[in-house]
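For reference, the chains in residue letters:
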Amino acid sequence: MSSTVDVVAFDADDTLWHNEPVFVEAKNRFCELLQRYHSAEWIDERLYDTEMRNLEHYGYGIKSFTLSMIETAVELTEGRINGNEIHRIIELAKDMLRSPVQLLDHVEDTIRSLTGSYRLVVVTKGDLFDQESKIARSGLGDHFDHVEIVSTKTPAAYAAVTDKLGVIPSRFVMIGDSLRSDVLPVVEVGGHAIHVPYQTPWAHEHVPQDVAARYRFLRAASIREVPGLLRSV
């Protein structure tokens, strides 16, 4: 246990459990649905553009992604998509919401080893209902003292989280797969961060290497390295 750390926070999607593969599979099925109109590459590019455009309106999560799929389908088919096809998109979204929660390797053992030594919390973004459901189904919920679901992860959001938890940023450590969301904004408010990259990161979360090099944070190849790294904070 580190004497300089009070709160250890974890991102959820692609840090505690697999999430990106669910979206990749959905995108593949979406491209198949529209394959008579355009190539898969073009559909994927346009869907991503729509997602980025809609973040400020709908935020993150499956429901936001579904609205972007429907909008993209209408645009790419010039309004020719029919009701049955729209229904298939909605069913695709429901399949995503029903996807089993699959923990990443070593997550459960790592969380158990830290329980009792630190205040453990989850700080994640996305749809409230979906994230609460995944935390409940993960089997990890009892290990966390607090769960914070935010609309986006900015320095201001993390400052609000640490204030709510009653901890100064210098005694707060965030663990996550995204440099953009889980690492850099925490460092900006004076906290610590451990980057545990996921095997297939979402393009939106990419941070250029020269930008990341301006920040001081720890790196782990696997979440099982986190307990040891915490002792060096």
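Residues numbered from 1 in each chain as written. Predicted model: local features only at pLDDT ≥ 70, side-chain atom pairs only at ≥ 80, totals over all residues. Heavy atoms only, no water.

### Side note on the sheet that holds strand β3 (residues 146-150)
Next, step 1: Here six strands make up an open sheet; going across it, the order is β3-β2-β1-β4-β5-β6 and the pairing parallel. Looking at the sheet topology across the chains shown, the edges are occupied by β3 and β6 (218-219).
Next, step 2: Two elements, strand β5 (residues 192-195) and β6, share two bridges in a ladder whose sense is parallel. If you follow Ile194 over to β6, its bridge partner there is Leu218.
Next, step 3: Together, β2 (119-125), β4 (172-176) and β5 form the strand contacts of helix α8 (residues 179-188), whose direction differs from that of β5 by roughly 155°. (Pairing = 2+ DSSP bridges. Helix = DSSP H or I, 4+ residues; strand = E, 2+ residues; numbered from the N terminus. Contact = heavy atoms within 4.5 Å. Axes fitted to C-alpha atoms, helices over the stretch in contact; angles between N-to-C directions.)

### Some words on the environment of Ala156
Next, step 1: Looking at where Ala156 falls in the secondary structure, it is placed in helix α7 (residues 155-165).
Next, step 2: Note on Ala156: relative accessible area 57%, which makes it exposed.
Next, step 3: Counting along the chain gives 59 residues from Ala156 to Tyr215, while the straight-line C-alpha distance between them is 17 Å. (Buried < 20%, exposed > 50% of the residue type's maximum accessible area, 1.4 Å probe, protein only.)

### Points about unusual backbone geometry
Next, step 1: The phi angle at Glu78 is positive, at roughly 55°, despite the residue not being glycine.
Next, step 2: Positionally, Glu78 belongs in the loop between α3 (62-76) and α4 (83-97).
Next, step 3: By relative accessible area, Glu78 is classed as exposed at 65%.
Next, step 4: At His106, a position not held by glycine, the phi torsion is positive, near 70°.
Next, step 5: In this fold, His106 is placed in the loop between α4 and α5 (107-114).
Next, step 6: Relative accessible area serves as the criterion here: at 33%, His106 is assigned to the partly exposed category.

### A closer look at the pattern of salt bridges
Next, step 1: Per the counting criterion, the structure on display carries 17 salt bridges.
Next, step 2: Two residues, Glu51 and Lys27, come together in a salt bridge whose shortest N-O distance is 4.0 Å. Note that Glu51 is positioned in helix α2 (residues 40-58) and Lys27 in helix α1 (residues 20-33), a separation of 24 residues in sequence. There is no split in this pair, since Glu51 and Lys27 are both buried.
Next, step 3: We note a salt bridge from Arg53 to Glu71, for which the minimum N-O separation is 2.9 Å. Note that Arg53 is positioned in helix α2 and Glu71 in helix α3, a separation of 18 residues in sequence.
Next, step 4: Here Arg53 falls in the partly exposed class, since its relative accessible area comes to 39%.
Next, step 5: When salt bridges that share partners are traced, they join Arg46, Arg53, Glu71 and Glu75 into one network. (Salt bridge = Lys/Arg side-chain N within 4 Å of Asp/Glu carboxyl O.)

That is the geometry; function is a separate question.
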